[in-house]
Amino acid sequence: MSESPDTQSLVSASSQINLSDGDGIDDKEFDIPQVDTPPTLESILNETEDEDESFILEDPTLLNTDNIDAHSGETSSLASSDSGDRTNLKRRKKVSDISSCIHGSVVRRSVLKGVSAQVVSAADRIDAGLPTAVVVSSLIAVGTSHGLALVFGKDPNQALRLCLGSTAMGAQYGAVSALSINSDCTRLLCGFAKGQITMWDLANGKLLRTITDAHPPGTAILHIKFTDDPTIAICNDSGGSVFELSFKRVMGVRTCESRCLFSGAKGEVCCIEPLLVKLELRDHPITQYALLAMASLTKVLVIGLKPSLKVWLTFPYGKTNPASVPLLSWQFVAVQSAVMPMLAFCRGNAIHFLLVKKDESGAIHVSKQRQLHLHYDLINLTWINSRTLALLDSAEKLHVVDRQSQHELEIVDIAEVQLVYNSSHFKSLATGGNVSQALALVGEKACYQSVSGYGGQIIYLGTKSVHVITLRTWRERLDYLLKQERFIEALSLAWSLHEGKAKAVVGLFGDQSKRKGVVADRMVEILLQYVDRALKKCPEQGKIQVMEQHFQEMVPVMVDYCLLLERIDLLFGQIYNKLSEISVAKGVFIECLEPFILNDKLTSITPQVMKDLLIHFQDRDMMENIEACIVHMDITSLDIQQVVHMCWEHSLYDAMIYVYNRGMNDYITPMEKLFQIISPPLRAGKSLTDEQVVMGNKLLVYISCCLAGRAYPLGNIPEDLVSLVKHQVFEFLIRLHSTEVASGEELYPQIRTLLHFDTREFLNVLALTFEDFRNDKQAVEHQQRIVDILLKVMVENSDFTPSQVGCLFTFLARQLAKPDNTLFVNRMLFDQVLEFLCSPDDESRHAERQQVLLELLQAGGIVQFDECRLIVMAEKAAFYQVCEFMYEKKQLYDKVICCYLNDQLRQEEIFNYVHNMLSIPGYSTEEKESVWNKTMEHFKELVSINPTKAAELLAVHFSTELRSIVDQLEDEYLLFQLLQSLLDSSDGVQVNRELLQLNPDIHEQYLNLLCQHDPRHVTDFLRVSEHYRLEEAIQITKKHKLHEASAYLLEKEGDIHGAFLVLLEILKLKLSLFTDGAREENEETVQAAETILEETVALCQRNSHSLNQQQREALWFPLLEAVMSTQKQLKDGSSSQALESLKHLTKQVLNSMTGFIALPSVLQRILQDPMYGKGKLGEIQTLILGMIDTFNYELTLLETTTNLLNHDLHWSLCNLRGAVSRGLNPKQEHCSICLQQYKRRQEGTEEVIVFSCGHIYHAHCLQSKDCGVQIEGQTRWTCYKCNSGNKAGRRRDLGSDVNRGRSTSLAQIKVMSASYSANRDSDNRKPAEATLEPQQIQAFDQLRRLYRGPSRLAILTELSRNRSSDKHGLLHPGSVANSVFQNENFQLRLSPPPVTED
């Protein structure tokens, strides 16, 4: 705010003192306005941060200038803390660091020693008490805990002007809790802890008013604020109410009228902030509303006091921490070309900005701006100026933030201030603490009266001192960094000031060019200081590496900023001269220039520096670096003679070309030099070295650039030289002889050399060049001339390979095929090339010659040949790819098949070709038919190439000709491979199954071949395939003596006994090995016997279910006899190992047959056997004991299973009974549809339906919602709420499923009214059943299918019946076939006991 006229003398005095300490600041230079001339509105809001400069000038006088930076060292900038020690960064990183934003120290914190000392002295001398509140304007007022107000001047001595009040008044009114000074600094309002308000005259210290009835008694004054109208003030008490105080003077009597603006009963207000307008903005249209912002515990309100009380905005906080302090602060900001007030408010860690403006109709509009989200909670928010905020967090750290960018500029820890908090006033301790808990909680961190801002300064009141925070000027910010020798950060900050990107800038005025000039001069001074420091800090007599590292960290910064400032004179003048004093620094400086040169930031160097640069790099053998730098330099800064001599000496051809081109406009000499390098070895037929290859490629690129109008290696040729350079280059290329004719040199040496070096690339260069020659008559002549020379050189010379000759004619074919072609080439030359490439006598490079001819035809050269002659010659030369190209052009697709068959390298591709021809649309029926016929004709050859792919092709396109193709194949093994790929499903070939069913003989033929070539997989094939005839298959397997396969087929045919006999014979054969003359037994013999025995047992087990008792005995007993007879034969003189193996096999048979043959029958059979009947019981003891053990085991298993089933059934029935008998508890007492209580409904005949989910409905209401379904004469209900998403059309009829209906009937109970139940028959009171949702029904069906099987009762019945039939052994033989246990899918599933609710 601007100062009143009464204080201008103070401002003038302070200005004089400030200038004396300001290092001779020139007002004209900095465009600083005089204090007595108020700045304009534009200068306040549009200039960078200078709106409060008139007040900033008096800061040093207000403060103790000897102690300005007494505490500055303790402040920390975010940028500086994050940047670290930048001198440790590498050289190449320096350039990128320049653009980083460095803020340095933005604010200066100082102690008002005069004010602080006198406040402490007053507490001791006059018992003033501790400071409690502060306010700043042109004066500084401090309130104390004993009711005094101390007023200090803003002079250098900060003298005490007035001491208002007394300790007696303090004893009566309590501590000063709030202060406010009006706009002209003539009145002071004091609010007290016990609720009184006093007004003082600041001119003479006279008490003008004592107000005791402005608000309810027993509440403390939290805030007292003057408005722009000196007769109106606003106060806020600890009851949360807000009052307007109107000061009047009638008949010489001073009065005060109070009006309640906001009652604490509606929400407690704990912060108020009227909009105060500066003197120069008093005509702003917003002033007529006298806006007031109020912050309650839940929301922010903006009201207008004039012309009538009106609420313009209500903004709720949302979710916040209840201990957070609500904060408000107004500030005028520039928005485009207008000036508008902005309200910043916060509670917690998010600051909201509201822009207030008035429209043409007179209404006020509030627009929300971008929020500022913080990671800390605030206790104070103050504007320093229109762009900068000072935020104090709960840890007493001050954050300086730029509003527009939301960058945090600096953090200052002010914990040592020992900030005064207003907690006692918010808790109203002086009046008995009669406040709400919410307000008392907010008051824990309230410091509203301890912080006061005015004119760019913020005063912080501590318990024993008063501190002030101000923004530093831009020079002070730089000096602060330089004082700490943080040169890199100082330069970065200066550059951001130069570019206008710095934040919180104070002291820069004038237009942009003037600002840049002032900052640039300061940057030059800093750079020179930085150079001196670099030389001063250089390690003395240290290692060279240490010195180099030192300068590598510092020199790039100097170079970069000199280039940014465009001060090349400074860089190569004072700075270079200073660094040249130390040789290491000079070398680092020169090497540092390289990246700037390569990035084209530095294009001109003084001759002396250039000379030193060349010498330096040359001494260190860094010639590549020199070359890279030269091609980026301005040619005028180079010593051409020195550079050319060095280029020739060190083979720096890029630099040499650059110097000749740019310095002397000579484009031919570099070309001659390069030809002299690569021509001699090419003429001698020697291979080139890697360096010579690089030179040759460089020459091709150089020629291409010259002919295209581009400079080599960078940039473009001047436009006035483009045509001349092209002409010179062509003339050079078509010379008959070189400049220095060597002995034996052939004609056209340049073209000949380029063709020998890389024919294809040279022709590509010419092709690109010819594209630009359409409208140049002279260039067209050059084009024809070069073509003639190429033909003369290559066709008449045998030194070139077919590939090179082919490249030439491919190039010519492309040129001749262009619509605007102007070239002429004799057609006979193409015929000669054709004969040369298709020569049948030359077998060398066959693939290369074919590829060359193919490329020539594809490039358009086909128009130069007789097609019939071409095909004939290609066939003779075996150029099958060329033949394919020609046949496809003539649409003779069937002949292409012969090309693939004859080409040994591409035979596999024929399958894809035929498939694509027959599948892809776009070909005529005749064309596809010709391909089909040709393929059928050669299908035998296709099978020999790849049987698998041939089978795939047959399955897709030739399945109808399967029989003819099979008959066509004479080689049995080829036929076997084809049928194996065709019929074996594992290969993935899909064949028409109907066709296979019509040709079962194909399967039988394959089976016959499979028995011959792969008998191990016969059984697997028989199991998978279904298209063979059983009788024929059995004959085939018997023919080839494949007994396992025969047994499988016999079993499949139904001849179980025949299959058993086959396997039994095999088993006997295997067992006979145990009883041969040698009586040798090994693991393989035992393994073979066990395998065939397992197959035989499996056969018996699979088929015993469908056989009667006699038929089962006919299977099992012969098997048992076969094993036991062998065991009997081995008893005498046999090895114990063989005998044990046979005993194991016998036991395995007995265990397997127990489930199908009654135990007594087995024992009787064993005892009746002559082998055991004549012997002793001990011989069969082992077998009988084993059978008894098995019986005991199965008996125990049976009893355990029975117990488990009984227990499971018991649990299920108990829970079913509990579910049926348990009552239902409705969730509410009213119908969920009509919302009427069923108890109060008058109709006596209404049913009430209660569901297990707790919802309750009237039956009439459910019927109206179509929630009832009639099934078998009963109504089945569904819950409307739980099934509201289901459509009526999706319901299923559940009446057919008894089990499902039973489960759903437990989901509801019908409740009747008394009168209704008395008149109903018992038959009509059956509870209705509710239907399940379709999703539930589907899940239930899946669960039922998963656990499908016999019921528990069926299992228990079966078990009890079998246990009672002891005479039949373990299982009743007559019922085995119908037993649930003999079902191969039978599984016993038991569920855990369900959890029931009590």
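Owing to the predicted nature of the structure, the values given are computational and were not obtained by experimental measurement.

1. Describing the overall build of the protein
So, step 1. Across its full length, the protein carries 55 helices and 35 strands.
So, step 2. Evaluated residue by residue, the protein yields a buried proportion of 50% over its 1398 residues.
So, step 3. Considering only contacts in the protein between residues 6 or more positions apart, those separated by 24 or more positions represent 60%.
So, step 4. Here the protein displays about 66600 Å² of accessible surface, and carbon together with sulfur accounts for 49% of that area.

2. What about helix 36 (residues 947-957)?
Given 3.6 residues per helical turn, the α-helix brings residues three or four places apart onto the same face.
So, step 1. Three or more residues of helix 36 are buried, namely Pro947, Ala950, Ala951, Leu953, Leu954, Ala955 and His957.
So, step 2. Against the buried residues of helix 36 lie helix 33 (910-919), helix 34 (925-937), helix 35 (939-945), helix 37 (962-968) and helix 38 (972-983).
So, step 3. Between the side-chain oxygen of the N-cap and the backbone nitrogen of threonine 948 there are 3.1 Å, and the N-cap of helix 36 in question is asparagine 946.

3. Describing helix 33
So, step 1. The set of residues buried in helix 33 consists of Ile910, Phe911, Tyr913, Val914, Met917 and Leu918. Here the buried residues of helix 33 occupy an arc of 165° about the axis, which is enough to place them on one side.
So, step 2. On its buried face, helix 33 sits against helix 31 (880-889), helix 32 (893-902), helix 34, helix 35 and helix 36.

4. A short note on unusual backbone geometry
What is expected of a backbone is that most residues other than glycine have negative phi and most peptide bonds are trans.
So, step 1. Look at the link from lysine 306 to proline 307: it is a cis peptide, with omega at -10°.
So, step 2. As for its placement among the helices and strands, proline 307 is situated in the loop between strand 17 (299-304) and strand 18 (310-316).
So, step 3. Here the bond from tyrosine 712 into proline 713 is cis, since omega is 0°, no more than 30 degrees from zero.
So, step 4. Here proline 713 shows up in the loop between helix 23 (690-708) and helix 24 (722-733).
So, step 5. Residues other than glycine seldom take positive phi values, yet glutamate 396 does so here, at roughly 60°.
So, step 6. Its location among the elements puts glutamate 396 in the loop between strand 25 (388-393) and strand 26 (397-402).
So, step 7. Unlike most non-glycine residues, aspartate 1266 shows phi in positive territory, near 60°.
So, step 8. Along the polypeptide, aspartate 1266 turns up in the loop between helix 51 (1259-1264) and strand 33 (1268-1271).
So, step 9. Residue aspartate 1266 is classed as partly exposed on the basis of its relative accessible area of 41%.

5. Overview of the environment of leucine 528
So, step 1. Following the sequence through the fold, leucine 528 ends up in helix 14 (residues 512-536).
So, step 2. Residue classification places leucine 528 among the buried positions, given a relative accessible area of 18%.
So, step 3. When neighbours within four sequence positions are excluded, leucine 528 is seen to be in contact with Leu570, Gln574, Ile575 and Lys578.

6. Some words on the pairing of strand 31 (residues 1248-1251)
So, step 1. Residues of strand 31 alternate between two faces, with Val1248 and Val1250 on one and Ile1249 and Phe1251 on the opposite face, all of them buried.
So, step 2. Remark: four residues form the turn of the hairpin made by strand 31 and strand 32 (residues 1256-1258), two consecutive strands paired antiparallel; glycine 1254 in that turn has positive phi of roughly 105°.

7. Considering the state of the cysteines
So, step 1. Inspection of the entire model under this criterion finds zero disulfides.
So, step 2. Residue cysteine 1282 stays outside any disulfide, its sulfur separated by 3.5 Å from that of cysteine 1279, the closest cysteine.
So, step 3. Overall, the relative accessible area of 37% leaves cysteine 1282 in the partly exposed class.

8. Re the packing of aromatic side chains
So, step 1. Counted by the stated rule, this structure contains 20 aromatic pairs.
So, step 2. Pairing phenylalanine 572 with phenylalanine 589 gives two aromatic rings, centres 6.3 Å apart and planes at 85°, and the pair type is edge-to-face. One end of the pair, phenylalanine 572, is in helix 16 (residues 568-579); the other, phenylalanine 589, is in helix 17 (residues 583-598), and 17 residues separate them in sequence.
So, step 3. You can call phenylalanine 589 buried: its relative accessible area is 1%.
So, step 4. Each ring, one from phenylalanine 976 and one from tyrosine 1006, has its centre 5.9 Å from the other, and the planes form 15°; the classification is stacked. Here tyrosine 1006 lies in helix 40 (residues 1000-1013) and phenylalanine 976 lies in helix 38, a separation of 30 residues in the sequence. Take phenylalanine 976 and tyrosine 1006: they sit in the same class, and that class is buried.
So, step 5. Members of the aromatic cluster, joined through ring pairs, are Tyr973, Phe976, Tyr1006 and Phe1021.
So, step 6. Here the guanidinium or amino end of arginine 472 rests over the ring plane of tyrosine 480, the centre of that ring lying 4.7 Å away.
So, step 7. Lying over the aromatic face of tryptophan 648, lysine 673 brings its terminal NZ or CZ to 5.0 Å of the ring centre.

9. Structural notes on the environment of asparagine 422
So, step 1. Within the secondary structure layout, asparagine 422 lies in the loop between strand 27 (408-413) and helix 10 (423-426).
So, step 2. The exposure class of asparagine 422 is buried, given its relative accessible area of 2%.
So, step 3. Expressed as a C-alpha distance, the spacing of asparagine 422 and alanine 178, which sit 244 residues apart in the sequence, is 9.5 Å.
So, step 4. With residues near it in sequence (within four places) discarded, asparagine 422 still touches Thr132, Gly443, Ala446, Cys447, Tyr448, Gln449 and Ser450.
So, step 5. For asparagine 422, the side chain forms a polar contact with the main-chain nitrogen of tyrosine 448, separated by 2.9 Å.

10. Here's the deal with the nonpolar core
So, step 1. In terms of nonpolar packing, the biggest core is built from 244 residues, with Leu579, Ile630, Leu790 and Leu1119 touching the most fellow members.
So, step 2. In terms of residue count, the dominant contributor to this core is helix 14 (12 residues).
So, step 3. Leaving out residues up to four positions away in the same chain, leucine 1119 has contacts with Phe1060, Leu1064, Leu1067, Leu1093, Thr1096, Val1097, Cys1100 and Val1149.
So, step 4. Counting 72 residues, the second largest nonpolar core, distinct from the first, contains Val300, Leu328, Trp330 and Leu392.

11. Considerations on the pattern of salt bridges
So, step 1. All told, the structure shown has 24 salt bridges when counted by the stated rule.
So, step 2. A salt bridge links aspartate 654 to lysine 698, with the shortest nitrogen-to-oxygen separation between them at 3.1 Å. Highlighted residues: aspartate 654 in helix 21 (residues 653-664) and lysine 698 in helix 23, separated in sequence by 44 residues.
So, step 3. For aspartate 654, a relative accessible area of 16% puts it in the buried group.
So, step 4. On the accessibility criterion, lysine 698 (15% relative accessible area) is buried.
So, step 5. Across the salt bridge formed by lysine 949 and glutamate 908, the nearest N and O atoms sit 3.4 Å from each other. Here the residue lysine 949 occupies a position in helix 36, and glutamate 908 occupies one in the loop between helix 32 and helix 33, the gap between them amounting to 41 residues.
So, step 6. For glutamate 908, a relative accessible area of 35% gives the class partly exposed.

12. Description of the packing of helix 30 (residues 867-876) against helix 31
So, step 1. The interhelical angle for the contact between helix 30 and helix 31, taken along N-to-C directions, is 145°, at an axis separation of 9 Å. Here helix 30 runs over helix 31; the crossing is left-handed. Of the residues in helix 31, those in contact with Glu867, Leu870, Ile871, Ala874 and Glu875 of helix 30 are Val882, Cys883, Met886, Tyr887 and Lys889.
So, step 2. Looking at the contact of helix 30 with helix 31 residue by residue, the class counts come to seven nonpolar, no polar and three charged.

13. Points about the side chain of serine 428
So, step 1. Inspection of the secondary structure puts serine 428 in the loop between helix 10 and helix 11 (437-442).
So, step 2. Each residue touching serine 428, except ones within four places of it in the same chain, is listed here: Gly218, Thr219, Ala220, Ser238, Gly433, Asn434 and Val435.

14. Structural notes on the sheet that holds strand 6 (residues 160-164)
So, step 1. Within the open sheet, the four strands sit side by side as 3-4-5-6. Their pairing is antiparallel. Each having just a single partner strand, strand 3 (131-136) and strand 6 make up the two edges of the open sheet. Strand-to-strand twist across the sheet, computed as the mean angle between neighbouring axes with direction ignored, equals 20°.
So, step 2. This element, helix 8 (residues 113-125), spans strand 3, strand 4 (140-144), strand 5 (149-152) and strand 6 of the sheet and lies at about 150° to strand 5.

15. Here's the deal with the sheet that holds strand 17
So, step 1. Spatially, 15-16-17-18 is the arrangement adopted by the four strands of the open sheet, whose pairing is antiparallel. Bordering the open sheet on either side are strand 15 (269-274) and strand 18, each of which pairs with just one other strand. Averaged over all pairs of adjacent strands, the angle between their axes in this sheet comes to 20°, without regard to strand direction.
So, step 2. Pairing of strand 17 with strand 18 involves six bridges; the strand directions are antiparallel.

16. Here's the deal with the packing of helix 24 against helix 25 (residues 749-771)
So, step 1. Viewed as axis vectors pointing N to C, helix 24 and helix 25 meet at an angle of 145°, and their least axial separation amounts to 13 Å. Considering how the two elements wind past one another, helix 24 and helix 25 form a crossing that is left-handed. Contacts between helix 24 and helix 25 involve Phe730, Phe732 and Leu733 from the first element and Gln750, Ile751, Leu754 and Thr769 from the second.
So, step 2. Residues that form the contact of helix 24 with helix 25 fall into these classes: five nonpolar, two polar and no charged.

17. A word on the environment of isoleucine 197
So, step 1. With respect to the helices, strands and loops of the structure, isoleucine 197 is situated in strand 9 (residues 197-201).
So, step 2. Note: C-alpha distance between isoleucine 197 and isoleucine 211 (14 residues apart in sequence) is 4.9 Å.
So, step 3. Excluding residues that lie within four positions of it along the chain, isoleucine 197 makes contacts with Leu189, Cys190, Phe192, Arg209, Thr210, Ile211, Ala214, Ile221, Ile224, Cys235 and Leu245.

About the cut-offs
What you see as residue numbers is a count from 1 along each chain, following the sequence as written. Totals for whole chains, interfaces and linings use all residues, but because this is a predicted model, local features are given only for residues with pLDDT of at least 70 and pairs of side-chain atoms are given and counted only at 80 or more. Side-chain numbers here rest on the full set of heavy atoms in the structure, without hydrogens or water. Helix and strand labels come from DSSP, where a helix needs a run of H or I of at least four residues and a strand needs a run of E of at least two; each type is numbered from the N terminus. The cut-offs for exposure are 20% and 50% of the maximum accessible area for each residue type, with area from a 1.4 Å probe on protein chains only; residues under the lower value are buried, those over the upper are exposed, and the others partly exposed. Contacts: residue pairs with any heavy atoms within 4.5 Å of one another. Where accessible areas are quoted, they stem from the Shrake-Rupley method and a 1.4 Å probe; at the residue level, only the protein chains shown are allowed to cover. Any N or O atom pair separated by 3.5 Å or less is treated as a polar contact, with the protein-specific requirement of one donor-capable and one acceptor-capable atom, and with residues adjacent in sequence counted only for side-chain atom pairs. The directions considered for the arc are those from the helix axis to the C-beta atoms. Strands were regarded as paired on the criterion that DSSP finds at least two bridges between them. Sulfur atoms of two cysteines make up a disulfide when they are within 2.5 Å. Centre distance within 6.5 Å is the pairing criterion for rings of Phe, Tyr and Trp, where only the six-membered ring of Trp is used; planes under 30 degrees apart are then read as stacked, over 60 as edge-to-face, and the remainder as tilted. Distance and angle both matter: a charge sits over a ring if NZ of Lys or CZ of Arg is within 6 Å of the ring centre and within 35 degrees of the ring normal. In this description, a nonpolar core means a group of buried Ala, Val, Leu, Ile, Met, Phe, Trp, Tyr and Cys residues linked to one another through side-chain atoms lying within 4.5 Å. Take a side-chain nitrogen of Lys or Arg and a carboxyl oxygen of Asp or Glu: if they are within 4 Å of each other, that pair is a salt bridge. Here an angle of 0 to 180 degrees is reported between the N-to-C directions of two axes, which are lines fitted to C-alpha atoms, with helices fitted over the stretch in contact. Crossings are sorted by hand: turned counterclockwise from the far helix by less than a right angle, the near helix makes the crossing left-handed, and turned clockwise it makes it right-handed. Three categories are distinguished: nonpolar for Ala, Val, Leu, Ile, Met, Phe, Trp, Tyr, Cys and Pro, charged for Asp, Glu, Lys and Arg, and polar for the others, with Gly belonging to the last.

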